[in-house]
Amino acid sequence: MIEIHNIHKSFDGKKVLDGVSGVFETGKTNLLLGASGTGKSVLLKCIVGLIKPDLGSVTFDGTYFTNNKLDIRQEIRRKIGMLFQGSALFDSMTVEENVEFPLRMLTEMNREERLDRVNFCLKRVGLENANKKMPSEISGGMMKRVGIARAIAPHCTYLFCDEPNSGLDPLTAIKIDALIAEITEEYDITTIIVTHDMNSVIEIGDKIMFLYQGQKLWEGSNDEIMDTDVKELNEFIFANRLMRDAKKVEDEGGHSDL
Ligand SMILES: Nc1ncnc2c1ncn2[C@@H]1O[C@H](COP(=O)(O)OP(=O)(O)OP(=O)(O)O)[C@@H](O)[C@H]1O
Ligand SMILES: [Mg+2]
C-alpha cells in the first residue's frame, strides 16, 4: 500500500499540486485520472521520488520515503517498476537487452539467470519471438509490452505507468490495460496508472482518484464514477458523447454493455 499525505508542489511560484492525500491499494489498479495539465505526471514523479514535493510525504508499505535516508530510499526504489509515457525503450538495444537492462543494474543474477527471467517476462506479456528485434522494428503495442516486461523484470512490488495506452488503437489499448491489471493481481503489486482515458476507467478502474487543478476532487471505483455529483468530474466524464448516451440508457432503466 502506498500512502500520500498533503503533497504540495509549485514551479516558479505556480501551484501544480495543492495538498493531495490518498491511499493506493495493493493488488489493485489505482488510477490517477484528470484532464491534461492537472498535475497527474507531477504527482506520479513526486511519489517515485523523481521530483521532491515542497511539502507532504509518501509512505511505501509503512516505510516513510520522502526525506528519508538515501539507503532506505534506494531500497524502496529497487522495488519500483516504471512504464514511462511513450515506453522510453533504449533504441540501440534489442528487446531482450532492454528487458535485461534493469536486471544488470539492480540484481546479482548471472547471464543465464537473467536470460531466464527475460524470457519469462516476455512470455508473460505475450511476446515470445521478439528477443532479437530492435524497438524500431516493432509496433507501438509491442513496445508497451516490452516496457511492461522491463518494468516487472526485477520482481517489482510497485508499478507506475504513465499513460500506458496513449497512442494505441482502442482494442490494443484495452489489451494493454488488461495485461497490467492481470499482472497487478497475479503478483500482488501496488499499481498506479496515470490516465485521461475513460475506456481505462471502465475496464480496470478498481480505485480512481480524480485530480482537478492540483487537488483531489473525488475518489471511488468505476462502479461509482457514473453517479458522481462532482460537477468537474461529470464534465470530464461526459465530454464524450458515447458516455452521455450510456448514462442516458442507464438512467432510463435500460441495460448498457459499457
Ligand atoms: N519540471 C517542470 N517545471 C515547470 N513546470 C512543470 C514541470 N513539470 C510540470 N510542470 C507544469 O505542471 C503542470 C502539470 O503538469 P503535468 O505534466 O503533471 O500534467 P498532466 O496532468 O500529467 O497532463 P497530461 O495529461 O497532458 O500529461 C503543467 O502546467 C506543467 O507545465
Ligand atoms: Mg502527464
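This is a predicted model, so every value here is computed, not measured.

Bringing the overall build of the chain into the picture now. Of the regular secondary structure elements, the chain holds nine helices and 10 strands. Relative to the 2.2 N^0.38 estimate, which gives 18 Å for 258 residues, the radius of gyration of the chain is 19 Å and therefore close to what a compact globule would have. Its C-alpha atoms give the chain principal-axis dimensions of about 60 × 45 × 30 Å. Counting the 258 residues in the chain, one finds 35% classified as buried. Pairs at least 24 residues apart make up 64% of the contacts formed inside the chain by residues separated by at least 6 positions.

Looking at ligand 1, the residues that line it are Phe11, Val16, Gly34, Ser36, Gly37, Thr38, Gly39, Lys40, Ser41, Val42 and His196. When residues of the shell around ligand 1 are assigned to their parent elements, the largest contribution, three residues, is made by helix H1 (residues 40-48). Across the shell around ligand 1, the residue classes break down as three nonpolar, seven polar and one charged.

Strand order in the open sheet made by the six strands is S6-S7-S8-S3-S9-S10, with mixed pairing throughout. Sheet topology places strand S6 (80-83) and strand S10 (215-220) at the edges, where each strand pairs with a single neighbour. Strand after strand, the sheet turns through a mean of 20° between neighbouring axes, direction not considered. Looking at chain direction, strand S3 (residues 29-33) and strand S8 (residues 190-195) are connected through five bridges and run parallel. Residue Thr29 lies in a different strand from S8, and its bridge partner there is Thr191. Docked against the sheet, helix H5 (residues 140-152) engages S6 and strand S7 (158-162), running at close to 170° with respect to S6.

We now examine the environment of Glu250. Along the chain, Glu250 falls in helix H9 (residues 241-251). On the basis of neighbour counts, which here come to 14 C-beta atoms within 10 Å, the residue Glu250 falls in the partly exposed class.

Right, let's talk about the packing of H5 against helix H6 (residues 170-186) for a bit. Running from N to C, H5 and H6 point in directions that differ by 15°, and their axes come no closer than 10 Å. When the axes of H5 and H6 are compared, the pair comes out roughly parallel. For the crossing formed where H5 meets H6, the hand is right-handed. Contact residues: H5 offers Gly141, Lys144, Ile148 and Ile152, while H6 offers Thr172, Ile176, Leu179, Ile180 and Ile183.

Mapped onto the elements of the fold, Cys121 is located in helix H4 (residues 111-124). Classification of Cys121 by C-beta neighbours within 10 Å gives buried; the count is 24. Distance in space between the C-alpha atoms of Cys121 and Lys69 is 32 Å, their sequence separation being 52 residues. Each residue touching Cys121, except ones within four places of it in the same chain, is listed here: Val99, Ala149, Ile152 and Ala153.

Our next topic: the nonpolar core. With 58 residues, the main nonpolar core has Leu32, Leu43, Ala149 and Ile152 as its most contacted residues. The element that contributes the greatest number of residues to this core is H5, accounting for six residues. Not counting the four nearest positions on each side in its chain, Leu32 is found in contact with Lys40, Leu43, Leu44, Ile192, Val194, Met209 and Leu211.

Our next topic: the UniProt feature "domain: ABC transporter" (unreviewed entry) in the chain. According to UniProt, the positions carrying the feature "domain: ABC transporter" (unreviewed entry) are residues 2-238. Here residues 2-238 runs as 37% helix and 26% strand, with 30 Å between its end C-alpha atoms.

Attention now goes to unusual backbone geometry. A positive phi angle, near 65°, is found at Asn67, a position not held by glycine. By C-beta crowding, Asn67 is classed as exposed, having 10 other C-beta atoms within 10 Å. The backbone of Asp188 shows a phi angle near 55°, a positive value even though the residue is not glycine. Checked against the element boundaries, Asp188 lands in the loop between H6 and S8.

Procedures and definitions
- Residues numbered from 1 in each chain as written.
- Chains lettered and ligands numbered in written order.
- Predicted model: local features only at pLDDT ≥ 70, side-chain atom pairs only at ≥ 80, totals over all residues.
- Helix = DSSP H or I, 4+ residues; strand = E, 2+ residues; numbered from the N terminus.
- Rg over C-alpha atoms; globule rule 2.2 N^0.38 Å.
- Buried ≥ 20, exposed ≤ 12 C-beta atoms within 10 Å, placed from the backbone.
- Contact = placed C-beta atoms within 7 Å.
- Near = placed C-beta within 6 Å.
- Nonpolar A, V, L, I, M, F, W, Y, C, P; charged D, E, K, R; others polar.
- Pairing = 2+ DSSP bridges.
- Axes fitted to C-alpha atoms, helices over the stretch in contact; angles between N-to-C directions.
- Parallel < 35°, antiparallel > 145°, perpendicular 65-115°, else oblique.
- Left-handed = near helix turned anticlockwise from the far one by under 90°.
- Core = buried A, V, L, I, M, F, W, Y, C linked by C-beta atoms within 7 Å.
- UniProt positions renumbered as here; feature names shortened; annotations may be inferred.

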